[in-house]
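Analysis of the macromolecular model
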Amino acid sequence: MTGVQTCALPILYVDDLPMSVFSVDLVDFNLVASDKADAISQLAKKVVDAGRGSNAEQITEDVLARDAMGTPQVDGVAIPHARSSGVSQSSVAIARTPGVIFDESEGPATVLFMILVPNDAGDEHIQILSGLARRLMDPDFTAALHTTNDAGQLVQLLENGNE
């Protein structure tokens with residue numbers, strides 16, 4: 001690493017067992033979407049297919065409603081996020097794409113992190129968003145986002161930081 005201080009993103013505890021917001025089941029290195037609604041819908045289906053949600057349509061609706069207020073995007077990385085009744089377990093779905101427009105002024109996003117938390121999760125999504133934003137300041141981390149093709153390696157990088 002370049003000496004940039006990074007930290008691991010939060011590990012949640014469910015019934016006193018550590019539960020990551022990340023999973024190899026939530027990574028898609030080849031997402032092809034016609035627009036942001038399609039990208040969000042595909043990632044919502046991934047969350048439901050992974051057993052972390054029950055209603056992909058509700059998740060999509062909630063993320064698009066939150067997106068209407070703006071989606072953080074920096075250097076081609078967009079971070080749509082929402083609380084949703086369609087989510088049963090806090091999760092971050094990750095995708096690489098040839099380019100999806102979330103904000104016309106920012107240009108296309110080629111990496112997506114969709115942060116989802118259940119409605120009763122308090123400020124958990126803010127903690128995840130904050131941790132991810134800190135990580136995105138590390139050029140080695142952002143390079144790995146664009147180059148790794150191993151979902152397990154990416155999840156480990158997100159969970160462990162420099163460790």
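See the structure printed just above.
Notes on the structure in this doc start here.

1. Observations regarding the environment of Thr71
- Relative to the assigned elements, Thr71 resides in the loop between helix H2 (56-67) and strand S4 (73-74).
- Residue Thr71 is classed as buried on the basis of its relative accessible area, which comes to 11%.
- Residues Thr71 and Asp103, spaced 32 residues apart in sequence, show a C-alpha to C-alpha distance of 7.5 Å.
- Every residue in contact with Thr71, bar those within four places of it in the chain, is listed here: Ala78, Ile79, Pro80 and Phe102.
- Polar side-chain contacts of Thr71 include one of 2.2 Å to the side chain of Asp67.

2. A closer look at the pairing of strand S8 (residues 107-118)
- Taking burial as the measure, the 12 residues of S8 include 10 buried ones, the bulk of the element.
- Relative to S8, strand S5 (residues 77-78) is paired through two bridges, and the arrangement is parallel. Paired with Ala78 across the bridge in S8 is Leu112.
- Pairing between strand S6 (residues 81-84) and S8: four bridges, direction parallel.

3. Considering the nonpolar core
- Of all hydrophobic cores here, the largest spans 24 residues; its most connected members are Ile79, Val92, Ile94, Phe113, Leu132, Leu145 and Leu158.
- Counting only elements with at least two residues in this core, the list comes to strand S7 (91-103), S8, helix H3 (124-135), helix H4 (139-147) and helix H5 (151-160).
- Ranked by the residues each element gives to this core, the list is headed by H5, at five residues.
- Setting aside its immediate chain neighbours within four residues, Ile79 contacts Thr71, Pro72, Phe113, Ile115, Leu129, Leu132 and Leu136.
- The next biggest cluster of nonpolar side chains, apart from the first, holds 22 residues, and it includes Ala33, Leu43, Ala78 and Val100.

4. Here's the deal with the side chain of His81
- Within the secondary structure layout, His81 lies in strand S6.
- You can call His81 buried: its relative accessible area is 6%.
- For His81, the side chain forms a polar contact with the side chain of Arg66, separated by 3.3 Å.
- Here Ile79 takes part through its backbone oxygen, which lies 3.0 Å from a polar atom of the side chain of His81.
- Here His81 is in contact with Val63, Arg66, Pro72, Ile115, His125 and Leu129, once residues within four sequence places are set aside.

5. Focus: H2
- With 12 residues, H2 should cover 16 Å at 1.5 Å per step; its first-to-last C-alpha distance of 16 Å lies within 8% of that length.
- Looking at H2, one finds that the buried residues are Ala56, Ile59, Thr60, Asp62, Val63 and Asp67. The buried residues of H2 occupy one face: seen down the axis, they fall within an arc of 165°. More than 90 degrees from the buried face of H2, the exposed residues found are Glu57 and Glu61.
- Here the buried face of H2 lies against helix H1 (36-49), S6, S7 and S8.
- Sitting at the amino-terminal end of H2 is Asn55, which places a side-chain oxygen 3.1 Å from the backbone nitrogen of Glu57.

6. As for H1
- In this model, H1 (14 residues) spans 20 Å end to end at C-alpha, consistent with the 20 Å of a helix rising 1.5 Å per residue.
- Along H1, the residues that are buried comprise Ala39, Ile40, Ser41, Leu43, Ala44 and Val47.
- Residues of H1 that are buried make contact with H2, S7 and S8.
- Gly51 sits one or two residues past H1 and shows a positive phi near 80°.

What counts, and at which threshold
- Residues numbered from 1 in each chain as written.
- Predicted model: local features only at pLDDT ≥ 70, side-chain atom pairs only at ≥ 80, totals over all residues.
- Heavy atoms only, no water.
- Helix = DSSP H or I, 4+ residues; strand = E, 2+ residues; numbered from the N terminus.
- Buried < 20%, exposed > 50% of the residue type's maximum accessible area, 1.4 Å probe, protein only.
- Contact = heavy atoms within 4.5 Å.
- Polar contact = N/O pair within 3.5 Å; in protein donor to acceptor, adjacent residues only side chain to side chain.
- Pairing = 2+ DSSP bridges.
- Core = buried A, V, L, I, M, F, W, Y, C linked by side-chain atoms within 4.5 Å.
- Expected span 1.5 Å × (residues − 1).
- Arc of directions from axis to C-beta.

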